[in-house]
Amino acid sequence: QVQLVESGGGLVQAGGSLRLSCAASGRTFGNYVMKWFRQAPEKERAFVAAIRWSNSARSYADSVKGRFTISRDNAKNTVYLQMNSLKPEDTAVYHCATGRSAGLDSGLYGINYWGNGTLVTVSS
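As a starting point, this report considers the structure included with it. (Residues numbered from 1 in each chain as written. Predicted model: local features only at pLDDT ≥ 70, side-chain atom pairs only at ≥ 80, totals over all residues. Heavy atoms only, no water.)

### Some details on the packing of aromatic side chains
Each aromatic ring pair is described using two quantities: the centre-to-centre distance and the angle formed by the ring planes. Going through the model one piece at a time under the given rule, you end up with four aromatic pairs. Geometrically, the ring pair formed by F29 and W53 is stacked, given 5.3 Å between the ring centres and 25° between the ring planes. Of this pair, F29 sits in the loop between β3 (18-25) and β4 (33-39) while W53 is found in the loop between β5 (46-52) and β6 (58-60), placing the two residues 24 residues apart along the sequence. Among the residues examined, W53 registers a relative accessible area of 5% and is labelled buried. Summarising the aromatic geometry, the rings of F37 and W114 are spaced 5.2 Å apart at their centres and angled 50° between planes, so their arrangement reads as tilted. (Phe/Tyr/Trp six-rings, centres within 6.5 Å; stacked < 30°, edge-to-face > 60°. Helix = DSSP H or I, 4+ residues; strand = E, 2+ residues; numbered from the N terminus. Buried < 20%, exposed > 50% of the residue type's maximum accessible area, 1.4 Å probe, protein only.)

Right, dumping it as structure tokens:
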């Protein structure tokens, strides 16, 4: 059974940085795509970034391009989300997610597994 555990959230001032981690276990991820989504209070869940485990191909939401970087460490089975120049509108619970058929697009197709999330709060 795949398990995804996020960490690294917290409270930060606008302009600051945080690095989120998603530790994955339960199988070999091979060609899987790992995604980050976020959900702000009273808003729908939104795509943030994605990375393919095998070749590090990446994609980003327009709202985070140039500020966030997704990466992975195969040896640790961990995916990271480095978040710089944070804004109050980045405040949300951040979840990592994956699935056999998930792609680098911004959608939910193919997502079978979700982590519980980590809260990021950016103060103005």
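### Focus: the state of the cysteines
For the structure on display, the rule yields one disulfide. One disulfide bridge connects C22 with C96, the sulfur atoms lying 2.1 Å from each other. Judged by the sign of its S-S torsion, about 70°, the bond between C22 and C96 is right-handed. Of this pair, C22 sits in strand β3 while C96 is found in strand β9 (residues 92-99), placing the two residues 74 residues apart along the sequence. Relative accessible area serves as the criterion here: at 0%, C22 is assigned to the buried category. (Disulfide = S-S within 2.5 Å.)

### Focus on the nonpolar core
Membership of the largest hydrophobic core comes to 36 residues, with the highest contact counts inside it found for W36, L81, M83 and Y94. Residue contributions to this core peak at five residues, all from β5. Sequence-distant contacts of L81, that is, excluding residues within four places in its chain, are made with L18, R19, L20, W36, V48, A49, F68, T69, I70 and Y94. (Core = buried A, V, L, I, M, F, W, Y, C linked by side-chain atoms within 4.5 Å. Contact = heavy atoms within 4.5 Å.)

### Digging into the sheet that holds β3
By way of backbone hydrogen bonds, the strands of a sheet pair with one another, either parallel or antiparallel. Taken in spatial order, the four strands make up an open sheet running β1-β3-β8-β7, and their pairing is antiparallel. Each edge of the open sheet is held by one strand with a lone partner, namely β1 (3-7) and β7 (68-73). Going across the sheet, the axis of each strand differs from the next one's by a mean of 15°, ignoring polarity. Pairing of β1 with β3 involves five bridges; the strand directions are antiparallel. Bridge pairing in β3 places V5 opposite A23. (Pairing = 2+ DSSP bridges. Axes fitted to C-alpha atoms, helices over the stretch in contact; angles between N-to-C directions.)

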